[in-house]
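Structural overview for review
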Amino acid sequence: MLLLNQAFMMLWEAILENATLVSALFLVLIAAWIYWAVVGRYKKLAYGLAGMLAGVIAVIGFFTLPLFFNASLGDLTYWVDWAFHMVTVVALLAYAYIVMLPLVTSMTGSTKRRA
C-alpha cells in the first residue's frame, strides 16, 4: 500500500509541475471525443485496435517517459522511482486508450445497425 501511495503522490506532484502540458493533453482528449461525436458516433467502437495502439504507445512511453524528468532508465535505482515510473506508464496507457478509441472508431469501424 505504501508503494502505491508514494507513487500516486509523486504522480500528483508531476501533474502540478506540468500543469500546462496536462491542460493541453486534456484539450486533446476533449477534441478527440468531440470529433467522435460529430463523425463517428454511428460506428461500432473499435476497442481492439485502440487497445493495440495504446499498448504500443505505452511500450514506447516506458523507454521515453524518464526523459521528461531529465533521467533515464538507468537512473531508476530506488523502488519509489520504479513505482512512479510504472504508475506513469499505466497512466499513459489509459490516456492513450481513451484518446485513441474515438479517433480510431471515427476513422475505421463498421456502422451500427439502426432500429
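Residues numbered from 1 in each chain as written. Predicted model: local features only at pLDDT ≥ 70, side-chain atom pairs only at ≥ 80, totals over all residues. Heavy atoms only, no water.

Looking at the confidence of the model for the protein
So the rule is basically this: The pLDDT value tells you how sure the predictor is about a given residue, anywhere from 0 up to 100. Only runs of H or I of at least four residues qualify as helices and only runs of E of at least two qualify as strands under DSSP, and these elements are numbered from the N terminus.
Confidence along the protein averages 85 in pLDDT terms, with 93% of residues attaining 70 or more. Here helix α1 (residues 2–17) stands out as the element of the protein with the lowest mean pLDDT, 80, in contrast to helix α3 (residues 47–64), whose mean of 94 is the highest.

A look at the side chain of His-85
Where we set the bar: We call two N or O atoms a polar contact when they sit within 3.5 Å, provided that within protein one can donate a hydrogen and the other can accept it, with sequence-adjacent residues counted only if both atoms are side-chain atoms. Two residues qualify as a contact provided that any one of their heavy atoms is within 4.5 Å of a heavy atom in the partner residue.
Within the fold, His-85 resides in helix α4 (residues 79–107). Among the polar contacts listed, one links the side chain of His-85 to the backbone oxygen of Phe-62, at a separation of 2.9 Å. Setting aside chain neighbours within four positions, we find His-85 in contact with Gly-61, Phe-62, Leu-65, Pro-66, Leu-73 and Leu-76.

Observations regarding helix α2 (residues 19–40)
Worth spelling out the cut-off: Here the expected span of a helix is defined as 1.5 Å times the quantity of residues minus one. Residue exposure (1.4 Å probe, protein chains only): buried if accessible area is under 20% of the type maximum, exposed if over 50%, otherwise partly exposed. By definition, the arc is the one covered by directions from the helix axis to the C-beta atoms.
Compared with an ideal rise of 1.5 Å per residue, which puts 22 residues at 32 Å, α2 spans 30 Å between its outermost C-alpha atoms and is within 8% of the ideal. Among the residues of α2, those classed as buried are Leu-29, Ala-32, Trp-36 and Gly-40. Axial view of α2: buried residues confined to an arc of 60°, hence all on one face. Exposed side chains of α2 directed beyond 90 degrees from the buried face belong to Thr-20, Leu-27, Ile-34 and Val-38. Along its buried surface, α2 packs onto α4.

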